[in-house]
Amino acid sequence: MNFIGAGIAILGAAIGAGYGNGKVISKAIESMARQPEMSGQIRSTMFIGVGLIEAVPILGVVLAMLMVFNG
């Protein structure tokens, strides 16, 4: 059961990160199209947001490893 739980944890983290990255990038591109003069600031803010979103699957993998090896 630990392996199934670990797989579900990683799956949920990957799906959530994929959805979050898609939303952040699509809104950033939309903002850049509306205000091209702000594209540098929007791009840097987007990279910070994507970096924070990518922390979620890393935590999911850590949680999965804890479930497998401490279970």
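Residues numbered from 1 in each chain as written. Predicted model: local features only at pLDDT ≥ 70, side-chain atom pairs only at ≥ 80, totals over all residues. Heavy atoms only, no water.

A. Representation of the nonpolar core within the structure. In this structure, Ala28, Met32, Ile42, Met46 and Val50 together form the largest nonpolar core, which totals five residues. Looking at this core, the elements that each hand over two or more residues are helix H1 (2-34) and helix H2 (39-70). Per-element tally for this core: the top contributor is H2, with three residues. Among residues more than four places away in sequence, those in contact with Met46 are Val24, Ile25 and Ala28. (Core = buried A, V, L, I, M, F, W, Y, C linked by side-chain atoms within 4.5 Å. Buried < 20%, exposed > 50% of the residue type's maximum accessible area, 1.4 Å probe, protein only. Helix = DSSP H or I, 4+ residues; strand = E, 2+ residues; numbered from the N terminus. Contact = heavy atoms within 4.5 Å.)

B. Representation of H2 in the model. Under the 1.5 Å per step criterion, the end-to-end length of H2 is 46 Å for 32 residues, consistent within 8% with the ideal 46 Å. Along H2, the residues that are buried comprise Ile42, Met46, Val50, Ile53, Pro57, Gly60 and Ala64. At its buried positions, H2 is contacted by H1. (Expected span 1.5 Å × (residues − 1).)

C. Molecular detail of the packing of H1 against H2. Between H1 and H2, the shortest axis-to-axis distance is 8 Å and the interhelical angle comes to 175°. Classed by the angle they form, the pair H1 and H2 counts as roughly antiparallel. Here the contact of H1 with H2 is composed, by residue class, of 21 nonpolar, seven polar and two charged. (Axes fitted to C-alpha atoms, helices over the stretch in contact; angles between N-to-C directions. Parallel < 35°, antiparallel > 145°, perpendicular 65-115°, else oblique. Nonpolar A, V, L, I, M, F, W, Y, C, P; charged D, E, K, R; others polar.)

D. Quick peek at the UniProt feature "domain: V-ATPase proteolipid subunit C-like" (unreviewed entry) in the protein. Residues annotated by UniProt as "domain: V-ATPase proteolipid subunit C-like" (unreviewed entry) correspond here to residues 4-67. Structurally, residues 4-67 is divided into 94% helix and 0% strand, and its ends, taken at the C-alpha atoms, are 10 Å apart. (UniProt positions renumbered as here; feature names shortened; annotations may be inferred.)

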